[in-house]
Amino acid sequence: MSNADVDTARKPTAPRGFAAMRARVKSPVATPLRAVLFLIYGIPLLWIVLTSLKSPSDVISSQSSFVFRPTLDAYTDALGNSGLYTALQQSLVIATGTMVLTLLLAIPAGYGLARVDSRLTTVGLGMLIVLQMLPQTSNVIPLYQIFAQWNLLDTNAGVIIADTALLVPFAILLMRPFFRAVPVALEEAAKLDGAGTVRTFFSIMLPIARNGIATTGTLIFLLAWGEFLYSVNFFLTPGNYPLSALLAQQVSAFGIDWPGLMALAVITSVPIMLLFVFTYRLLREGLTLGAVK
Amino acid sequence: MAIDPTPTHPSRHGSVRVGRRGAASRFHRLAQRKQLLFVAPAAVFLVVFAIFPVFQLLRMSVSDVTVSTLNDTWRFTGLENFQSNFASPAFGETVLNTVIFVGIVTVLGLVGGLAAAVLLSKSGRWTGFVLSLLVFIWALPPVVNGSVWKFLLGSSGLFNSIGLETGLTTQPIPFLFDDSYALYSVALVNAWAVIPFNALVFRAAIMGISQEVFEAARMDGATRWEEIRHIIIPVVRPTTLVLLVLTVVYGFRSFDFIYVMTFGGPGVATTTLPFLGYVQAFVRFDFGLGAATAVVAVVMVIVLAIFYARSVRREEVHS
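Residues numbered from 1 in each chain as written. Chains lettered and ligands numbered in written order. Predicted model: local features only at pLDDT ≥ 70, side-chain atom pairs only at ≥ 80, totals over all residues.

Peer 1: Can you help me understand the overall build of chain B in this one?
Peer 2: Across its full length, chain B carries 13 helices and 2 strands. Burial statistics for chain B: of 319 residues in total, 45% are counted as buried. Put simply, 71% of the contacts in chain B that link residues at least 6 apart link residues at least 24 apart. (Helix = DSSP H or I, 4+ residues; strand = E, 2+ residues; numbered from the N terminus. Buried ≥ 20, exposed ≤ 12 C-beta atoms within 10 Å, placed from the backbone. Contact = placed C-beta atoms within 7 Å.)

Here you go:
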């Protein structure tokens, strides 16, 4: 199933001919339904932005839902707070660190599991599936204790390690089919030419699987960027929180300053949006490759 | 989908082997041993940071561990933690919440995902735009989506504003602060959040159907609805099976929307089983009790994982 998906998703669909035109005439229900779908997913996005541009008093009065005087106060407040830059930096460090460490572990493992056929492989894959499905709320309990013992609490390394442990199973399972799609004959030819296993891996397998690496890397970065449970619990002071944890902490507080919070939500989302613009194709296809979120 | 637990079939191995079987296969076995080493770093890492914690969790669940004894030796208490969990009425309520929550997320997630996929399986600029919007929503951190929905459903949020303005309601509806609404509200938002992923997976399956099939159906005068019933639904059935398990697991594991929107409240109205374990450990600081709840959750996940492995294997056989 794995790589057939990618191919079919890429194939241009529906020859724009007579049949396609007839179909459009024949389904008058589809267009309004598509509009409904658009609204269901578009309105929350629009609302984040609108609210972030309101003054706190406009948020409370229902009359000014749509008609209000936009203000950038929430943003100037947020950006004037030096804590925000620390949080942004923490987000970048944790997401990048997690992505790098996860790829370092998952790329070779995905390759190994794609090539070795033994009962061990089956057992390993089964365990990865189970690990990937474990509730994070269960993992956080023993990890907190283990990190306390190993002095990893309140460190970036601790959060990066925990995020990596959470995401490596997913990353391996995502990488594996990309390696499996490479014909074994190609590798064997390289070996007959005198390249060792390691060299074959670096000079043949890695370049061919670069799409898979890019997809996996992007997904891991996105997931690590949004992760907040480990950050909230392993960092002992909010001063070290990444953006996601800061947002989670503020939204569950009483008496929320909504414009400020939504401004924070927008700021948290901007890097994701940038990444999204550049990797949309990868995401759209990578997602269908057995991504579990 | 990418995951297939069946080992590579020997026939997949290239033509190099033909005619030089003996040497090539020894060569192959030697290569495999080296390739197995590639798995070693990840294996070691996962044993230390993923599997060892599960054992530690098991040990905690049969011990008396509080925040002050966390790093001392733990007193062994046998099944006491489990017993006190099962005896508390909140636990039963939590299990019921979990069933309702997972049920809503799964049914709406699958039906909504398939509906969205059907709507988005035709090419076109408008379709492409809506599709990218869905992927973007998926890519956003859950904490962002959860925050917006907390606001939208709040007493001065969009829904209550519309209700009050149009006179449909005279008082704001406490979507998140009322025992009877809160669980459904959070579950609906979770379903909303899982639909984009399910829609993409369904869409990939639908796009795999040859256009000629649809053209032939149209020649025979089939309506779009008939196409959906007789072509699309049978084709996506194996995908549905895999997605079913994935969505159940997603709903079961979900904590981010609960954390952000209600933190399990009011009371335990939106506390699911995995979230209860978290609250017991990190809010009430009873790590032993929390670990016991978490162990119950882990066992449930293992059962689901077995279903998942089976349904994936079945799909592989069919495809």
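More follows now that the structure is in view.
Peer 1: Just to check I follow, could you spell out the overall build of chain A for this structure?
Peer 2: Looking only at helices and strands, chain A features 15 helices and 0 strands. Out of the 293 residues belonging to chain A, those deemed buried represent 48%. Long-range contacts, defined as pairs at least 24 residues apart, comprise 76% of the intrachain contacts of chain A with a sequence gap of at least 6.

Peer 1: Before we go on, may I ask you to explain the interface of chain B and chain A in this structure?
Peer 2: How big an interface is tends to be expressed through the accessible area that disappears when the partners come together. Contacts between the two partners involve 101 residues from chain B, matched on the other side by 103 residues from chain A. A per-element tally of the side of chain B that touches chain A places helix α13 (residues 287-318) of chain B first, with 14 residues. Residue composition of the side of chain B that touches chain A, by class: 69 nonpolar, 21 polar and 11 charged. (Nonpolar A, V, L, I, M, F, W, Y, C, P; charged D, E, K, R; others polar.)

Peer 1: When you look at the packing of helix α3 (residues 30-52) of chain A against helix α5 (residues 125-139) of chain B in this model, what are you seeing that I'm missing?
Peer 2: For any two helices packed against each other, one specifies the inter-axial angle together with the distance between the axes. Where α3 of chain A contacts α5 of chain B, the axes come no closer than 10 Å and their chain directions differ by 30°. Of the possible angle classes, the one that applies to α3 of chain A and α5 of chain B is roughly parallel. Read as a crossing pair, α3 of chain A and α5 of chain B show a hand that is left-handed. In this structure, α3 of chain A uses Arg34, Leu37, Phe38, Tyr41 and Gly42 of chain A to contact α5 of chain B, whose residues at the interface are Trp126, Thr127, Val130, Leu133, Leu134 and Ile137 of chain B. Partitioning the contact of α3 of chain A with α5 of chain B into residue classes produces 8 nonpolar, 2 polar and 1 charged. (Axes fitted to C-alpha atoms, helices over the stretch in contact; angles between N-to-C directions. Parallel < 35°, antiparallel > 145°, perpendicular 65-115°, else oblique. Left-handed = near helix turned anticlockwise from the far one by under 90°.)

Peer 1: Looking at this structure, I do not really get the packing of helix α9 (residues 156-180) of chain A against helix α2 (residues 40-61) of chain B. What am I missing?
Peer 2: Direction vectors running N to C along α9 of chain A and α2 of chain B enclose 130°, while the axes themselves pass 10 Å from each other. Taken as axis vectors, α9 of chain A and α2 of chain B run oblique relative to one another. Handedness of the α9 of chain A/α2 of chain B crossing: left-handed. Residue-level contacts link Ile161, Ala165, Val168 and Ile172 of chain A of α9 of chain A to Ala42, Phe45, Leu46, Phe49 and Ala50 of chain B of α2 of chain B. Residue composition of the contact of α9 of chain A with α2 of chain B, grouped by class: 9 nonpolar, no polar and no charged.

Peer 1: Mind showing me how you'd approach the environment of phenylalanine 147 of chain A here?
Peer 2: All names here are of chain A. Secondary-structure assignment places phenylalanine 147 in helix α8 (residues 136-149). What makes phenylalanine 147 buried here is the crowd of 24 C-beta atoms within 10 Å. Sequence separation between phenylalanine 147 and valine 159 is 12 residues; the distance between their C-alpha atoms is 9.6 Å. If near-sequence neighbours (up to four positions away) are discounted, phenylalanine 147 is found in contact with Leu152, Leu153, Gly158 and Phe234.

Peer 1: I would appreciate a short explanation of the nonpolar core in the present structure.
Peer 2: Note on soluble globular proteins: their nonpolar side chains tend to be buried together. Counting residues in each nonpolar core, the largest one holds 167 residues, and the members touching the most others are Ala106, Val168 and Ile172 of chain A. By residue number, the principal contributor to this core is helix α8 (residues 179-207) of chain B, which donates 19 residues. Not counting chain neighbours up to four residues away, the residues in contact with valine 168 of chain A comprise Thr102, Leu105 and Ala106 of chain A together with Ala42, Phe45 and Leu46 of chain B. (Core = buried A, V, L, I, M, F, W, Y, C linked by C-beta atoms within 7 Å.)

Peer 1: Would you mind going over the environment of leucine 128 of chain A with me for this structure?
Peer 2: Residue and element names in this part refer to chain A. Within the secondary structure, leucine 128 sits in helix α7 (residues 119-133). Accessibility expressed as a C-beta count within 10 Å gives 25 for leucine 128, which makes it buried. Residues leucine 128 and alanine 195, spaced 67 residues apart in sequence, show a C-alpha to C-alpha distance of 31 Å.

Peer 1: Explanation requested: the environment of serine 52 of chain A in the structure shown.
Peer 2: All names here are of chain A. Within the element layout of this structure, serine 52 appears in helix α3. By C-beta crowding, serine 52 is classed as buried, having 24 other C-beta atoms within 10 Å. Counting along the chain gives 16 residues from serine 52 to valine 36, while the straight-line C-alpha distance between them is 24 Å. Setting aside residues no more than four positions away along its own chain, serine 52 makes contact with Ala74, Tyr75, Pro259, Met262, Ala263 and Val266.

Peer 1: Any chance you could explain helix α6 (residues 82-115) of chain A here in plain terms?
Peer 2: Every α-helix carries 3.6 residues per turn, so stepping three or four residues along brings you back to the same face. Its 34 residues place the ends of α6 of chain A 50 Å apart at the C-alpha level, agreeing with the 50 Å of an ideal helix rising 1.5 Å per residue. Within α6 of chain A, the axis deviates most sharply at leucine 103 of chain A, by approximately 25°. (Expected span 1.5 Å × (residues − 1). Bend = angle between axes of the 7 residues up to and from the residue.)

Everything listed here is a matter of geometry and, on its own, says nothing about what the molecule does.
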